[in-house]
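In case you want the letters, here they are:
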Amino acid sequence: MPARDLAEPYPHVTTDDPAIDAVRLLAERDLPALLVLDADGVPYAVVPGSQLVRQLVPEYVMEDPLLAAVIDDRHADALAVELDGLTVSEWLPRRTFKPPYVGPDAGVLQIAAVMARSHVPLVAVVEHGIAADQVRLVGVVSASALMRHFLAVGGRA
């Protein structure tokens, strides 16, 4: 099955969107990872939710986990305030994952290999336009969609 047939729409943000919108999207849509597009609509980053949670934890707590046990919810509320005024690109972890992507004609095993190598649960399906710099996001193949496909093909769905 080609990637274009397996791809599903996936909510995303752009690098210029407010960081708080990215947090809301991840939380309200129960997403495994955040898909970020640049201003031209090209996949810019795929960031697993666990890495975004890490962005909310102060560095001093990361260095001394015992502090987390004594910090109450009043202090945790302040974490969201720190997002105020930041764009997604300013908030993303320094080490973001290069978004894995395939073309619309990629096969299922090619998608699976890209996903396995990148350790990211999403593979973007992009289509290049006539001009070399034109890219259109067709959709995303998630790990769960890939597993559903494998189960269906194996007759165990």
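Relevant structure appears above.
Please read these numbers as outputs of a predicted model, since none were measured by experiment. (Residues numbered from 1 in each chain as written. Predicted model: local features only at pLDDT ≥ 70, side-chain atom pairs only at ≥ 80, totals over all residues. Heavy atoms only, no water.)

Participant: Any chance you could explain the overall build of the protein chain here in plain terms?
Facilitator: Per the secondary structure count, the protein chain includes nine helices and six strands. Looking at the protein chain residue by residue over its 157 residues, the buried ones come to 38%. A sequence separation of at least 24 residues applies to 53% of the contacts in the protein chain between residues at least 6 apart. Accessible surface, the protein chain: about 9,600 Å² in total, of which carbon and sulfur atoms supply 55%. (Helix = DSSP H or I, 4+ residues; strand = E, 2+ residues; numbered from the N terminus. Buried < 20%, exposed > 50% of the residue type's maximum accessible area, 1.4 Å probe, protein only. Contact = heavy atoms within 4.5 Å. Areas by Shrake-Rupley, 256 points an atom, 1.4 Å probe, with all protein chains shown as cover.)

Participant: Sorry, what's going on with the sheet that holds strand β3 (residues 43-48) here?
Facilitator: Pairing within the open sheet is mixed, and its three strands lie in the order β1-β2-β3. Of all strands in the sheet, those bounded by a partner on one side alone are β1 (13-14) and β3. The sheet contacts of helix α2 (residues 19-29) involve β1 and β2 (33-37), and relative to β2 the element is tilted by about 140°. Taken strand by strand, helix α3 (residues 49-56) contacts β2 and β3, and its axis lies near 80° from that of β3. (Pairing = 2+ DSSP bridges. Axes fitted to C-alpha atoms, helices over the stretch in contact; angles between N-to-C directions.)

Participant: Would you explain the pairing of β3 in this entry?
Facilitator: Every regular strand shows the same layout, with side chains that alternate between the two sheet faces. In terms of residue burial, β3 counts as a mostly covered element, since five of its six residues are buried. Relative to β3, β2 runs antiparallel, the two sharing five bridges. By the bridge assignment for β3, Ala33 is matched with Pro48. What sits between the antiparallel neighbours β2 and β3 is a turn of five residues, in which Gly41 has the positive phi angle 85°.

Participant: What is the right way to read the pattern of salt bridges from this model?
Facilitator: A side chain of one charge can pair with a side chain of the opposite charge if their charged atoms are brought near each other. Counted by the stated rule, this structure contains four salt bridges. Between Arg4 and Asp105 there is a salt bridge, and its shortest N-O distance comes to 2.6 Å. Within this pair, whereas Arg4 is found in helix α1 (residues 3-6), its partner Asp105 is found in the loop between β4 (101-102) and α8 (108-118), the two being separated by 101 residues in sequence. The exposure class of Arg4 is partly exposed, given its relative accessible area of 40%. (Salt bridge = Lys/Arg side-chain N within 4 Å of Asp/Glu carboxyl O.)

Participant: What am I meant to see in a nonpolar patch on the surface here?
Facilitator: Taken together, the side chains of Leu109, Met147 and Phe150 present a nonpolar region at the surface, about 340 Å² in accessible area. Looking at the secondary structure, you find Leu109 in helix α8. The class for Leu109 is exposed, based on a relative accessible area of 67%. (Patch = residues over 30% accessible without salt bridge, like charges linked within 9 Å, V, L, I, M, F, W, Y side chains within 5 Å.)

By themselves, these observations are geometric and do not establish any function.
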